[in-house]
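These are the residues of each chain, in order.
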Amino acid sequence: MREFWQRYRRNKGAVVGLAVLAFIVLIAAAAPLVYPASPWEMAGAPFQRPFGEFPLGTDMLGRNILSGIVHGARVSLMVGIVSTFFAVTLGLALGALAGYFGGVIDDALMRFTEFFQTIPSFVFAIVLVAIFRPSIASIVAAIAVVSWPPVARLVRGEFLSLRRREFVQAAVVVGETHLRIILGQILPNALSPVIVMASLMIASAILLESALSFLGLGDPNMMSWGYMIGASRSVIRQAWWMSTFPGVAILITVLALNLVGEGLSDAMNPRLARKGRA
Amino acid sequence: MKSVAILLAIVILNFLLIRLAPGDPASVIAGEAGAADAKYIAQLREQFGLDKPLTTQLALYVGGVVTFDLGWSYRNQRSVADMVGERLPATLLLTVTAFIVALAIGIGLGVLAATRVGTWADSLVTVAALGFYATPLFWVGLMAILLFSVNLGWLPAFGMQTPVAMPFGDRVVDVARHMVLPVLTLAVFFVAIYARLTRASMLEVQDMDFVRTARAKGLAPARILRAHTLRNAILPVITFAGIQAGQLVGGSIVVETVFAWPGIGRLAFEALLQRDYNLLLGVFFLTSVMVIAFNLVTDLVYSLVDPRIEVGS
């Protein structure tokens, strides 16, 4: 573990990313303490410029923009983490089955995966959320449904190569059940690239959520960054700050997650990291 | 062959989604006609074949799609195929241009960074790619409008052309000016991806034996770069570009919404506002077809760049 941190620390960007991410998590956790009032409530006069009474100004309905960003952090992180959890679980299950058993099962599962990779994922997510009505559950489900295929392919590849290794063959000879071999022998060895991929998937899930709520498909009860930008874009000529600041929040969060993902990748795979940097 | 199977699967998925969509067409029409009595609804259900078994309905639906019948938009009282058909050229213009621009700039920047590893140019490309990879497309679009149309007044922010009559030559210039911001907005995210990919792939190929041999033979560096390094380094970029065609088409929905570009993405947004599910599913079907077409084209390009690969294998 200490060695891992040593290697992670060598990537300066990843350390900064981790610090920024920790700060965002802290803000999200403290949101009800910092701004106890609902971010939907009118806080003052509408169209107030930033750096006045309110640090980031108010929107066209007089809502406090900083409060919206702080509360929006909760929604973004939550949607990102939960949808990634489901996508990774699904991808792990299907990829493990395909890679472990091979043959017809592999063929069928890979055709299925390929199909989901072909259909335009964002349009599919829009359709799913629209049909099942916008809510936090439908958004999380839609993002998970369109994000699992890369995990399945990655896991399948790992399983295919690990399946032939001696320690797995030994477990087969000893007579361990398939389930025990998959979970106990192969999975732990296949996990590190999946963890890297998961951290990057949280980032793209946050981007996807922001795009959905920008189009008006957000949960109507939850303040989110994409919604703030979508709602105020018609007044962008008069009030630049309303759509600018939530976008900066998205950018910083997603960037931090990507940096952390790269750092994890370097730390788990030091040989590759040196090569990439040349 | 594979494309046809995927296409059929998409049609079936679309049919299932239509069945899941809230409100069956009969009661929607009855509601709009102001008559909701049971007899009228039953008659409508029979007219649309909704009383038949599911498999018969599926067969009817597939038969319809084969003859370009994507259903009826009850809100607009028009056929869905007509509505998406008239918006398709604008979307194709936007996505194909953005795709080519993104590949050209992305590969160019990647080569630039890879041939100058460790210099400020390399760092600049790497940082910019990292940043744009993390920025939502719609926000890039809004900020571009803010800067280039609102503050500087250089470029139009909305629509595809100025709604006045003008000679053909001026019209081309007019549309081109309207295209600049949407195309760059859509392209920028993919530029970031292609630049990173090209850089990594170039660095890998540069160390390979055949490149060292070419250098030892005394070939000019520019020729080594073009004929040996880039030609091999570009393969994973093309593969990835093909995989990402879906994201490009999805991105066009957001970009068209921001710039009021009159394509199918904008149509999808309008369908969302009107809760017009038939229209939305028509857009979903057409964008899926676009992705398959993009994939076929990238397969073709791939076989041109790498003759070892045969088309269709």
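Residues numbered from 1 in each chain as written. Chains lettered and ligands numbered in written order. Predicted model: local features only at pLDDT ≥ 70, side-chain atom pairs only at ≥ 80, totals over all residues. Heavy atoms only, no water.

Structural notes on the overall build of chain A
When helices and strands are tallied, chain A shows 12 helices and 0 strands. Along chain A, from the amino end to the carboxyl end, the secondary structure elements read α-α-α-α-α-α-α-α-α-α-α-α. Principal-axis analysis of the C-alpha atoms places the extent of chain A at approximately 75 × 45 × 35 Å. Contacts in chain A between residues at least 24 apart in sequence constitute 72% of all its contacts with a sequence separation of at least 6. Computed over 22 positive and 14 negative side-chain charges, the inter-centroid distance for chain A is 7 Å. (Helix = DSSP H or I, 4+ residues; strand = E, 2+ residues; numbered from the N terminus. Contact = heavy atoms within 4.5 Å. Lys, Arg positive; Asp, Glu negative; His and termini not counted. Charge placed at Lys NZ, Arg CZ, Asp CG, Glu CD.)

As for helix H11 (residues 240–268) of chain A
With 29 residues, H11(A) should reach 42 Å at 1.5 Å per residue; the first-to-last C-alpha distance of 42 Å fits that figure. A large share of H11(A) lies buried, amounting to 21 of its 29 residues. (Expected span 1.5 Å × (residues − 1). Buried < 20%, exposed > 50% of the residue type's maximum accessible area, 1.4 Å probe, protein only.)

So, the packing of aromatic side chains
The relative placement of two aromatic rings is captured by the distance of their centres and the angle of their planes. In the structure shown here, the tally under the stated rule is 19 aromatic pairs over all chains. On the basis of an interplanar angle of 15° and a centroid distance of 5.4 Å, the ring pair of A:Phe124 and B:Phe284 is categorised as stacked. Pair noted here: A:Phe124 is in helix H5 (residues 121–131) and B:Phe284 is in helix H13 (residues 277–305), and the two residues belong to different chains. In this structure, A:Phe124 and B:Phe284 share a single accessibility class: buried. An aromatic cluster is defined as three or more aromatic residues linked by ring pairs; in this entry it consists of A:Phe112, A:Phe115, A:Phe116, A:Phe124, A:Trp148 and B:Phe284. Above the ring of A:Tyr100, the side-chain terminus of A:Arg163 is found at 4.3 Å from the ring centroid. Residue placement shows B:Arg196 over the ring face of B:Tyr133; its charged tip is 5.5 Å from the ring centre. (Phe/Tyr/Trp six-rings, centres within 6.5 Å; stacked < 30°, edge-to-face > 60°. Lys NZ or Arg CZ within 6 Å of the ring centre and 35° of its normal.)

Overview of the environment of A:Ala29
All names here are of chain A. Mapped onto the secondary structure, Ala29 falls in helix H2 (residues 12–34). The exposure class of Ala29 is exposed, given its relative accessible area of 57%. Separated by 44 residues in sequence, Ala29 and Ala73 place their C-alpha atoms 8.9 Å apart.

Focus on the interface of chain B and chain A
The interface of chain B with chain A comprises 45 residues on the first partner and 42 residues on the second. Summed over both sides, the interface between chain B and chain A buries roughly 4,000 Å², with carbon and sulfur atoms accounting for 78% of that surface. Linking chain B to chain A there are 1 salt bridge. In this structure, the salt-bridge partner of A:Glu262 is B:Arg196, at a minimum N-O distance of 2.8 Å. Taken together, the connections running from chain B to chain A amount to 4 residue pairs in polar contact (both at pLDDT 80 or more). Mapped by element, the contributors of at least two residues to the side of chain B that touches chain A are helix H1 (2–20), helix H6 (120–133), helix H7 (137–151), helix H8 (168–206), helix H11 (245–259), helix H12 (264–274) and H13 of chain B. Ranked by residues supplied to the side of chain B that touches chain A, first place goes to H13(B) with 9 residues. Partitioned by chemical class, the residues of the side of chain B that touches chain A number 33 nonpolar, 8 polar and 4 charged. (Buried area = accessible area lost by both parts, 1.4 Å probe. Salt bridge = Lys/Arg side-chain N within 4 Å of Asp/Glu carboxyl O. Polar contact = N/O pair within 3.5 Å; in protein donor to acceptor, adjacent residues only side chain to side chain. Nonpolar A, V, L, I, M, F, W, Y, C, P; charged D, E, K, R; others polar.)

Concerning empty space enclosed by the protein
All names here are of chain A. Scanning the model with the defined rule gives 3 cavities of 30 Å³ or more in all. Computed from the structure, the largest cavity encloses a volume of approximately 100 Å³. Taken together, 13 residues form the lining of the largest cavity, with Asp59, Arg63, Ile65, Met223 and Met228 sitting closest to its centre. When residues of the lining of the largest cavity are traced back to their parent elements, those giving at least two are helix H3 (65–101) and helix H10 (225–232). (1 Å grid on protein atoms, 1.4 Å probe; cavity = no way out; pocket = protein on both sides within 12 Å on 5 of 7 lines; lining within 4 Å. Points joined across faces, edges and corners; volume = space filled by probe spheres on them.)

So, the pattern of salt bridges
Inspection of the entire model under this criterion finds 11 salt bridges over all chains. Among the salt bridges present, the one from A:Arg156 reaches A:Asp106, with a minimum N-O distance of 2.6 Å. Residue A:Arg156 is found in helix H7 (residues 149–163), and its partner A:Asp106 is found in helix H4 (residues 103–118); the two are separated by 50 residues along the sequence. Judged by its relative accessible area of 22%, A:Arg156 falls in the partly exposed class. A salt bridge links B:Asp209 to B:Arg212; the nearest nitrogen and oxygen atoms lie 3.6 Å apart. Of the two residues, B:Asp209 and B:Arg212 both sit in helix H9 (residues 209–216), 3 residues apart, roughly one turn of that helix. Pair check on accessibility: B:Asp209 and B:Arg212 agree, each one exposed. Look at the salt bridges and you will find they share partners, linking B:Arg87, B:Arg266 and B:Glu270 into a network.

Comments concerning the domain arrangement of chain B
One frequent convention defines the size of an interface as the accessible area lost when the parts assemble. Residues and elements named next belong to chain B. Entries for chain B in the domain assignment read domain 1 (2–66) and domain 2 (84–305). If you average the C-alpha positions of domain 1 and of domain 2, the two centres end up 37 Å apart. Taken together, the contacts link 12 residues of domain 1 with 9 residues of domain 2. Between domain 1 and domain 2, the buried area comes to about 900 Å², and carbon and sulfur atoms account for 82% of it. For the pair domain 1 and domain 2, the interface holds 0 salt bridges. Looking at side-chain class alone, the side of domain 1 that touches domain 2 contains 10 nonpolar, 2 polar and no charged residues. (Domains from an automatic or database assignment.)

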